[in-house]
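# Structural features, examined
The primary structure of each chain is shown beneath.
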Amino acid sequence: SQQGEEDPQALSIQEGENATMNCSYKTSINNLQWYRQNSGRGLVHLILIRSNEREKHSGRLRVTLDTSKKSSSLLITASRAADTASYFCATDDGGAQKLVFGQGTRLTINP
Amino acid sequence: DAGVIQSPRHEVTEMGQEVTLRCKPISGHNSLFWYRQTMMRGLELLIYFNNNVPIDDSGMPEDRFSAKMPNASFSTLKIQPSEPRDSAVYFCASRAGTSDYNEQFFGPGTRLTVL
C-alpha cells in the first residue's frame, strides 16, 4: 500500500536556491524518515522525525511534520549540484516494524 | 564497515531461468529487508526478517519468489521461473534492532533483466 506521496514529482532549481519537497501520508505514524537516492545507487537515510516532533534540523536539511494534516516537508537550503538525487519519504505504516516509501521527488540542481 | 553487500550487481537472464540474488547485511544488524524498485511501481517491500525469521512476506508477488535467511550474515532472494516482468532493481537493506525508529542501510542493488 502506498503510504507516503511526495510532491512535486520533479523539481529543477539553480544552485544556491532552496529546495522544498512535500510528503503526505494516510494513517497514523510513529515516525517519518527521509531518504536520498543517487542515480544507480541504494537509498541513504537523511533524517528521522518522530510523531511528537514538529521540526528537526541536520546541517542544510530542515524537516517539518504536521500530524494534523498528515504531511511533512523537507527543505534543503543553499542547494549544491551534489544534491541532485531522488528524495523519498517513508513512514512506519501505522506502527509496523517496516517502512512504506513514497514515489519520490526527483531533484535536479542546475549549476 | 563495508556496508550491505549484494551480488551480483547486474544479472541478465532468459525467461524461465532461475535467478538467485544474495545479500550480506551489516554485521550485528537484526533486521533484513528485500525491496524491488521499478519506474511503474516505485519501491516495494517484498519481505523482511527479524533475527533471521521471516516476519512479513505479504509483498512477495507470487509463489515464484522465495527468500531465505539461513543465518545472521546471509540472505537470498530466489525467482523461479523468472519472467520479463520481474525485471527491476532489487535492494537489500539491514537495520540494527527491530524498532522502526532505526534507520535502514541499503545495499547498492542488483539490476535484474529478464529477456
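This write-up is about the structure you can find in this document. (Residues numbered from 1 in each chain as written. Chains lettered and ligands numbered in written order. Predicted model: local features only at pLDDT ≥ 70, side-chain atom pairs only at ≥ 80, totals over all residues. Heavy atoms only, no water.)

### Here we look at the packing of aromatic side chains
To keep things clear, this is the line we draw: Each aromatic pair joins two rings of Phe, Tyr and Trp (for Trp, the six-membered one) with centres within 6.5 Å, and gets the label stacked for planes under 30 degrees apart, edge-to-face for over 60, and tilted for any other angle. Think of it this way: any DSSP run of H or I at least four residues long counts as a helix, any run of E at least two long counts as a strand, and we number them from the N terminus. A 1.4 Å probe rolled over the protein chains alone gives each residue an accessible area, and that area as a share of the maximum for its type sets the label: buried under 20%, exposed over 50%, partly exposed in between.
On inspection of all chains with the given rule, the structure shows eight aromatic pairs over all chains. Seen from their ring centres, Tyr35 of chain A and Phe106 of chain B are 5.9 Å apart, and the 75° between their planes marks the pair as edge-to-face. With Tyr35 of chain A in strand S4 (residues 31-37) and Phe106 of chain B in strand S10 (residues 105-106), the pair connects residues from two separate chains. Considered together, Tyr35 of chain A and Phe106 of chain B belong to a single accessibility category, that of buried residues. Residue Phe106 of chain B is classed as buried on the basis of its relative accessible area of 11%. Ring pairing ties together the aromatic residues Tyr35 and Phe101 of chain A together with Phe33, Tyr35, Tyr48, Phe91 and Phe106 of chain B, which thus form one cluster.

### What to know about unusual backbone geometry
Of note, the amide linkage connecting Asp7 of chain A to Pro8 of chain A takes the cis form, showing an omega dihedral of 0°. Tracing the backbone shows Pro8 of chain A in the loop between strand S1 (5-7) and strand S2 (10-14). A cis amide bond, omega -5°, links Gln80 of chain B with the succeeding residue Pro81 of chain B. Inspection of the secondary structure puts Pro81 of chain B in the loop between strand S8 (74-79) and strand S9 (88-95). Despite not being glycine, Lys70 of chain A has its phi angle at roughly 50°, a positive value. Mapping Lys70 of chain A onto the fold places it in the loop between strand S7 (61-66) and strand S8 (71-76).

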